[in-house]
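Residue-level structure breakdown
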Amino acid sequence: MSLEQFKDRNVKQNYTFIPVDERPTEPLDKFKQVMKRTFKGELFVGLWVVFREMVRFNIHTVKYPMEKLPISPRYRAVHKLYRLLESGNERCIGCGLCEKICIANCIRMDTRYDENQRKEVTEYTINLGRCIFCGYCAEVCPELAIVHGQRYENASEQRAHFVLRDDILTPLDFLKEGKQQEFDGFGAVSPNADERIKKTPTAY
Amino acid sequence: MTLTGFVIATVIKILVVLGVISALAGFGTYIERKVLAFMQRRLGPMHVGPYGVLQVAADGIKLFTKEDIVPQNSVKPIFKIAPIIGAATAFIALAAVPLLPEFEIFGVTVHPIIADINVGVLFVLGVMASGLFAPLLAGMASSNKWGLLGAARTAIQLLSYEVVTGLSILAPLMMVGSLSLIDINNYQAGGFTDWIVWSQPVAFILFLIAGFAETNRTPFDLLEHEAEIVAGYATEYSGMRWGMFFIGEYANMITLGFLASLIFLGGFNDWGFIPGALAIILKVSFIFFFFLWTRAAWPHVRPDQLMWLCWKVLMPIAVINVVVTGIVLMM
């Protein structure tokens, strides 16, 4: 299944109305109905359909752990915190917008000023027991620091284990290998963002 | 043949039939899962062995090592005996079935039939019918309401199909004039056009329908109707006790395949260039496949529908068929 098919949500429902005849009351009508149903051959149509499918061998099984269906790029799974590509610093500037906008009130951050009087995030927690995966935090983030990741297979004793800051933050060696890909999913800038930006008065 | 030789030969035949048919019954579960899966566009068992072939062995190990649970309020002796009835009757029924044509091995002529009795058909059908005591007793003894419902439906099913089986098989027996399966087979020795199915198509269809009911296969799978009652008579069974019911069911399917091939489809006579042994194996395989095929294609029926079908439709047709056959034979 290609990604385009998967993203196509306009699936038409091919419902067909099956007309149901009136129940016969007269013995003759009942007999006629029995005869009609007996010689209609619907059972053989059923046999033919399943045999055709067997011969075609058009298997739709997904061997799940080895083979996975692509998930939509706009899927909102467990969060990720990104780093700057050049310096490797955290993108998060501690502005607190995500904490403010979070309607489930599940994001909590502690910040302080470091020795250069720059804001530094000391604690960043997401309570997955409350998070409703609305995606507002990713949408509001001005630095594209918090995004929704693609990780949907989670198993642990506690939900909190998925959103420890050390886990959702891109590891440094991972970043050095260039594996942090710019996120095109939920909360990302649109592909034509440059064209849509208008010049501010100070640029004239 | 001396008495000692006869006893030894019979014991060997019994062991071979027991071993081969129970192995085939186990393998039948694998084939069934595969065929059903392909018909439903799935893959079926794939992980144990190449293409999941060793799934049979894995299932066997699981069944043998699973905890044997006997419910507290059940009637324990009957609960324990019921699966044995199921498996035993299925294999006893095979005793009077000629499985292959005669062949020679090491200079000894082998008759591949354990007991060549002259009432073969009656014996096979009778023993297969008494096999229905297994689900009946199992369901009534297991102190479980679903089990009890399954047992009640067993009674309904037995009442429904048994008459049709007997009447449908009566017409070909009238033509042959013998109850021995070997005689019936020899009656069709003339080749493809001699098959009884061409002169008795109605009886063949009726016999197949009744056979589906007899072996609890899906259109008439009332005993263990997963959609309506939780596993029916087998609800309380686990491990090998449950497994024996199913070995019995698959052995019954094989027996029924042999019966249908012998009585209607020319038996083990040579079929064109195909030798007789291969011919009957092909026929039985096709009927076994047909069992699986219908399971994928056809819906269940309700108990009242089965009774209606058997008593109001099939039995009159069978009686008419017998009468017409009699008139034709007299002319």
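Residues numbered from 1 in each chain as written. Chains lettered and ligands numbered in written order. Predicted model: local features only at pLDDT ≥ 70, side-chain atom pairs only at ≥ 80, totals over all residues. Heavy atoms only, no water.

1. Some words on the overall build of chain A
Which entries qualify depends on this criterion: Helix numbers and strand numbers start at the N terminus; a helix is a DSSP run of H or I with at least 4 residues, a strand a run of E with at least 2. When accessible area is computed with a 1.4 Å probe and restricted to protein chains, residues below 20% of their type maximum are described as buried, those above 50% as exposed, and intermediate ones as partly exposed. Any two residues whose heavy atoms approach within 4.5 Å at even a single point are treated as in contact. For every accessible area listed, the method is Shrake-Rupley and the probe measures 1.4 Å; residues are considered covered only by the protein chains on display.
Counting its regular elements, chain A contains eight helices and four strands. Ordered by position in the sequence, the α and β elements of chain A form the string α-α-α-β-α-β-β-α-β-α-α-α. The 204 residues of chain A split such that 27% are buried. In chain A, the share of contacts with a sequence separation of at least 24, taken over all contacts with a separation of at least 6, comes to 68%. Split by element, the accessible area of chain A, about 16,000 Å² in all, is 53% carbon and sulfur.

2. With respect to the nonpolar core
Keep this limit in mind: The definition of a nonpolar core used throughout is a set of buried Ala, Val, Leu, Ile, Met, Phe, Trp, Tyr and Cys residues joined through side-chain atoms within 4.5 Å.
The biggest cluster of nonpolar side chains holds 85 residues, and the ones touching the most others in it are Leu181 and Phe264 of chain B. The element contributing the most residues to this core is helix α10 (residues 239–263) of chain B, with 12 residues. Those residues in contact with Leu181 of chain B, other than ones at most four positions away along the chain, are Ala96, Val97, Pro98, Gly120, Val121, Val124, Leu259, Leu262 and Ile263 of chain B. In terms of nonpolar packing, the next biggest core, distinct from the first, is built from 22 residues, Ile107, Val121, Val163 and Leu169 of chain A among them.

3. Some thoughts on the interface of chain B and chain A
Under the convention used in this document: By convention in these notes, a salt bridge is any Lys or Arg side-chain nitrogen within 4 Å of a carboxyl oxygen on Asp or Glu. Definition of a polar contact: a pair of N or O atoms within 3.5 Å, with one able to donate and the other able to accept a hydrogen when the atoms are protein atoms, and with sequence-neighbouring residues admitted only if both atoms are side-chain atoms. The classification used treats Ala, Val, Leu, Ile, Met, Phe, Trp, Tyr, Cys and Pro as nonpolar, Asp, Glu, Lys and Arg as charged, and all other residues, Gly among them, as polar.
Counting residues at the interface gives 16 residues for chain B and 15 residues for chain A. Here chain B is connected to chain A by one salt bridge. Notably, a salt bridge pairs Glu53 of chain A with Arg41 of chain B, separated by 3.6 Å at the nearest N-O pair. Our enumeration of links across chain B and chain A arrives at five residue pairs in polar contact (both at pLDDT 80 or more). Secondary structure elements with two or more residues in the side of chain B that touches chain A: α1 (3–39) and α11 (276–297) of chain B. Looking at which element gives the most residues to the side of chain B that touches chain A, the answer is α11 of chain B, with six residues. Residue classes in the side of chain B that touches chain A are distributed as 12 nonpolar, two polar and two charged.

4. Some details on empty space enclosed by the protein
Heads up, the condition is: Of the grid points, spaced at 1 Å and generated over the protein atoms alone, those admitting a 1.4 Å probe that cannot get out make up cavities, while open sets with protein on both sides within 12 Å along at least five of seven lines make up pockets; any residue with an atom within 4 Å of a point is treated as lining. Grid points are joined across faces, edges and corners, and a volume is the space filled by probe spheres set on the points.
With the rule as written, the count across this model stands at three cavities of 30 Å³ or more. Looking at the largest cavity, its volume works out to about 140 Å³. Around the largest cavity, the lining comprises 13 residues; the ones closest to its centre are Gly131, Pro135, Asn216, Phe245 and Asn252 of chain B. Of all the secondary structure elements, the ones that give two or more residues to the lining of the largest cavity are α3 (76–93), α5 (133–141) and α10 of chain B. The element that contributes the greatest number of residues to the lining of the largest cavity is α10 of chain B, accounting for four residues. Here the residues of the lining of the largest cavity are counted per class, giving six nonpolar, five polar and two charged. One number sums up the size of the second largest cavity: a volume of about 80 Å³. Along the wall of the second largest cavity there are 15 residues; nearest its centre are Cys92, Cys95, Cys98, Cys141 and Ala145 of chain A. Taken together, the residues that form the lining of the second largest cavity break down as 11 nonpolar, two polar and two charged.

5. A word on the packing of aromatic side chains
Convention followed: A pair of aromatic rings is counted whenever rings of Phe, Tyr or Trp (Trp by its six-membered ring) have centres within 6.5 Å, and the orientation is called stacked for planes under 30 degrees apart, edge-to-face for over 60 and tilted otherwise.
Tallied over the entire structure, the rule returns 17 aromatic pairs over all chains. Here Phe51 of chain A and Trp293 of chain B contribute two aromatic rings whose centre-to-centre distance is 5.2 Å and whose plane-to-plane angle is 45°, an arrangement assigned as tilted. With one member in each of two chains, Phe51 of chain A in helix α3 (residues 42–56) and Trp293 of chain B in helix α11 form a pair that bridges those chains. Judged by its relative accessible area of 14%, Trp293 of chain B is buried. Ring-pair connections join several aromatic residues into one group, and the members of that group are Phe51 of chain A together with Phe212, Phe286, Phe289, Phe290, Phe291, Trp293 and Trp298 of chain B.

6. Let's talk about the confidence of the model for chain A
Going by this rule: Scored between 0 and 100, pLDDT is the confidence that the predictor attaches to each residue.
For chain A, the average pLDDT comes to 81, and 89% of its residues sit at 70 or higher. Here helix α1 (residues 3–7) of chain A stands out as the least confident element of chain A, with mean pLDDT 66; helix α4 (residues 97–101) of chain A is the most confident, with 91.

7. Quick notes on the layout of surface pockets
All names here are of chain B. Taken as a whole, the second largest pocket encloses approximately 990 Å³ of empty space. Counting residues per element, the ones that place at least two in the lining of the second largest pocket are α1, β2 (108–110), α10 and α11. In terms of residue count, α1 provides more of the lining of the second largest pocket than any other element does, 15 residues in total. Looking at side-chain class alone, the lining of the second largest pocket contains 27 nonpolar, six polar and two charged residues.

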